4 protein chains.
Amino acid sequence: MAHTRDPKHNAALLMRVKRIAGQMEAIERSLTAGAECADLLHQVAGVRGAVNGLMDEIFEAHLREHVAGPGLSDEERARGADELATILRRYAK
Amino acid sequence: MAHTRDPKHNAALLMRVKRIAGQMEAIERSLTAGAECADLLHQVAGVRGAVNGLMDEIFEAHLREHVAGPGLSDEERARGADELATILRRYAK
Amino acid sequence: MAHTRDPKHNAALLMRVKRIAGQMEAIERSLTAGAECADLLHQVAGVRGAVNGLMDEIFEAHLREHVAGPGLSDEERARGADELATILRRYAK
Amino acid sequence: MAHTRDPKHNAALLMRVKRIAGQMEAIERSLTAGAECADLLHQVAGVRGAVNGLMDEIFEAHLREHVAGPGLSDEERARGADELATILRRYAK
C-alpha cells in the first residue's frame, strides 16, 4: 500500500536524494581522474554527512506522522514506534 | 519534576551505567600501567559501543512512554517527539 | 598531480561507488512510488553502511600507501598522517 | 611489554578518562534522582562525544608514533597500520 507522505515533503526528500546521487557521480569522476586519497575522503565524508541528514529527516517524519500524529489508534502508534526501534537497534552506530 | 520511569527499568539502566563506569576504570588502570595504544583502542571502542547501546535504550524508552504511550494528549506527544528530534539533530553522527 | 593508486584497486573502488549510486537510484524510485517511511529508512541505512565501508577502505589504502609504505621520506609520512588526522577530526562522529 | 607513550601525553589521556568517569557518575546521580529521559539523553550524548574524542586522540597518537614515526622498520610500520585497520573494520560505524 502506498504511503501518504505529504507531496511537498516527498518532493523535498527527492531533491535531497538527487543531490546525494550527484555527489556520488562527482566521486566517480574523481576516481576516474585518479584523484588523491585525501580529496576522495573529503568527498566521501560529505556524502556520509548528507546520508545521515537524510536518514534523520525520514526518521523524524515517521516519528511525527506515525507515532505522534493526532488521530492514530494506540496500535498504530505502537507499530510506528516498533518500526523506529527496529531501525535504531539494527543500525546502531 | 521527577520522572515516572518504571522502577525496574530505572534499575536496569543504572546497572548499565555502572558497568560503563567500571569499563572506564579499567581504561584508567590500563593507561596507568602503560598499555599499548592498540589495546586501549579496543577498550575505548568497547565503551563507545556500550554508550551507544545505553543511548538507544533511553531513546526507545522515551519514544514508547512519551510519544507512543496510550493516554497522552496530542500536545504531550508532540512535545515528546520534539525532544527526540532535538536529540537527533544536535547529535547527528 | 594525479595519484598513483593501483589500477586494480581503483577499479574496485569505482565498482563500489557505482553500486552505491545504484542504491541511491533505488531510493529515488521508492520515493517516487510513495514507499513507506520504514522501508525508506532501511534503504537509506543500507547506503550509509556502504558509504562507511567505502570511507574505511580509502582511509586504509591511504594509511598503507602514504604513511606506512616503504620508501617514503619522514616528511611524506608525516604529511600522510596529517591528512588522516584532519579527516578524523573534521568528521568525528 | 609496557608501551613508551610520552608521559605528558599519557597524563593528558588519563585526565580525559577521569573526566568521562565523572560524567558517568553524573548520569548515575541523574538516574537515581529520576531525571527526565530527555535530560539523560543529553548527558549520555555528551559522554558519547567525549568517548569519540578520546578514541580519535589515541588513534592519532598510534598513527604518528607507530606508523609514521621516524626510525621504525618497514615491518613495524606495517604492523602499526594493521592494528589501525583492524580497529577501523571491527568498529566500523
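Residues numbered from 1 in each chain as written. Chains lettered and ligands numbered in written order. Predicted model: local features only at pLDDT ≥ 70, side-chain atom pairs only at ≥ 80, totals over all residues. Heavy atoms only, no water.

1. Focus on the overall build of chain A
Logical step 1: Looking only at helices and strands, one finds three helices and zero strands in chain A.
Logical step 2: Listed by position from the N terminus, the elements making up chain A come as α-α-α.
Logical step 3: For 93 residues, the compact-globule estimate of 2.2 N^0.38 gives 12 Å, and the C-alpha radius of gyration of chain A, at 17 Å, exceeds that figure by more than 25%.
Logical step 4: Considering chain A as a whole, with its 93 residues, one finds that 48% of them fall into the buried category.
Logical step 5: Excluding contacts between residues fewer than 6 apart, the proportion of contacts in chain A whose partners are at least 24 apart in sequence is 45%.
Logical step 6: When the accessible surface of chain A is split by element, carbon and sulfur atoms take 55% of a total near 4400 Å².
Logical step 7: Each charge sign in chain A was given a centre, from 13 positive and 14 negative side chains, and these centres are 1 Å apart. (Helix = DSSP H or I, 4+ residues; strand = E, 2+ residues; numbered from the N terminus. Rg over C-alpha atoms; globule rule 2.2 N^0.38 Å. Buried < 20%, exposed > 50% of the residue type's maximum accessible area, 1.4 Å probe, protein only. Contact = heavy atoms within 4.5 Å. Areas by Shrake-Rupley, 256 points an atom, 1.4 Å probe, with all protein chains shown as cover. Lys, Arg positive; Asp, Glu negative; His and termini not counted. Charge placed at Lys NZ, Arg CZ, Asp CG, Glu CD.)

2. Examining the pattern of salt bridges
Residues and elements named next belong to chain B.
Logical step 1: Here the structure, examined in full by the defined rule, presents 20 salt bridges over all chains.
Logical step 2: Residue Arg 16 pairs with Glu 57 through a salt bridge whose shortest N-O separation is 2.1 Å. With Arg 16 in helix H1 (residues 7-32) and Glu 57 in helix H2 (residues 37-68), this residue pair connects regions lying 41 residues apart in the sequence. (Salt bridge = Lys/Arg side-chain N within 4 Å of Asp/Glu carboxyl O.)

3. Quick notes on the packing of helix H2 (residues 37-68) of chain C against helix H3 (residues 74-90) of chain D
Two packed helices can be described by the angle between their axes and the distance between those axes.
Logical step 1: Running from N to C, H2 of chain C and H3 of chain D point in directions that differ by 170°, and their axes come no closer than 10 Å. In terms of orientation, H2 of chain C and H3 of chain D fall into the roughly antiparallel class. Contacts between H2 of chain C and H3 of chain D pair Asp 56, Phe 59, Glu 60, Leu 63, Arg 64, Val 67 and Ala 68 of chain C from the former with Arg 77, Ala 78, Ala 81, Asp 82, Leu 84, Ala 85, Leu 88 and Arg 89 of chain D from the latter.
Logical step 2: Within the contact of H2 of chain C with H3 of chain D, the residues separate by chemical class into nine nonpolar, no polar and six charged. (Axes fitted to C-alpha atoms, helices over the stretch in contact; angles between N-to-C directions. Parallel < 35°, antiparallel > 145°, perpendicular 65-115°, else oblique. Nonpolar A, V, L, I, M, F, W, Y, C, P; charged D, E, K, R; others polar.)

4. Overview of the environment of Glu 60 of chain B
Logical step 1: Among the structural elements, Glu 60 of chain B can be located in helix H2.
Logical step 2: Distance from Glu 60 of chain B to Ala 78 of chain B, taken between C-alpha atoms, is 16 Å for residues 18 residues apart in sequence.
Logical step 3: Setting aside residues up to four positions removed in sequence, Glu 60 of chain B forms contacts with Ala 85 and Arg 89 of chain A.
Logical step 4: A distance of 2.5 Å separates the side chain of Glu 60 of chain B from the side chain of Arg 89 of chain A, its partner in a polar contact. (Polar contact = N/O pair within 3.5 Å; in protein donor to acceptor, adjacent residues only side chain to side chain.)

5. Focus on the packing of aromatic side chains
Logical step 1: Counted under the stated rule, the structure contains two aromatic pairs over all chains.
Logical step 2: Measuring from centroid to centroid gives 5.9 Å for Phe 59 of chain A and Phe 59 of chain B, while their planes differ by 70°, and the two rings are edge-to-face. Of this pair, Phe 59 of chain A sits in helix H2 (residues 37-68) while Phe 59 of chain B is found in helix H2, placing the two residues in two different chains. With respect to class, Phe 59 of chain A is no different from Phe 59 of chain B; both count as buried. (Phe/Tyr/Trp six-rings, centres within 6.5 Å; stacked < 30°, edge-to-face > 60°.)

6. Some details on the interface of chain C and chain A
Logical step 1: Facing 44 residues of chain C, the contacting portion of chain A comprises 44 residues.
Logical step 2: Contact between chain C and chain A buries roughly 4100 Å² in total, counting both sides, with carbon and sulfur atoms accounting for 72%.
Logical step 3: When residues of chain C are sorted by the area they lose upon contact with chain A, Leu 31, Leu 41 and Arg 48 of chain C head the list and together hold 18% of the total.
Logical step 4: Our enumeration of links across chain C and chain A arrives at two salt bridges.
Logical step 5: Close ionic contact of Lys 18 of chain A with Glu 28 of chain C constitutes a salt bridge, the shortest N to O distance being 3.7 Å.
Logical step 6: Taken together, the links from chain C to chain A amount to six residue pairs in polar contact (both at pLDDT 80 or more).
Logical step 7: Along the lines of polarity and charge, the residues of the side of chain C that touches chain A split into 27 nonpolar, nine polar and eight charged. (Buried area = accessible area lost by both parts, 1.4 Å probe.)

7. Brief notes about helix H3 (residues 74-90) of chain C
Logical step 1: Its 17 residues place the ends of H3 of chain C 24 Å apart at the C-alpha level, agreeing with the 24 Å of an ideal helix rising 1.5 Å per residue.
Logical step 2: Within H3 of chain C, burial applies to Arg 77, Gly 80, Ala 81, Leu 84, Ala 85, Ile 87 and Leu 88 of chain C. All buried residues of H3 of chain C fall inside an arc of 155° around its axis, so they share one side. Opposite the buried face of H3 of chain C, by more than 90 degrees, sit the exposed residues Glu 75, Arg 79, Arg 89 and Arg 90 of chain C.
Logical step 3: Buried residues in H3 of chain C make contact with H2 of chain A, H2 of chain C together with helix H2 (37-68) and H3 of chain D. (Expected span 1.5 Å × (residues − 1). Arc of directions from axis to C-beta.)

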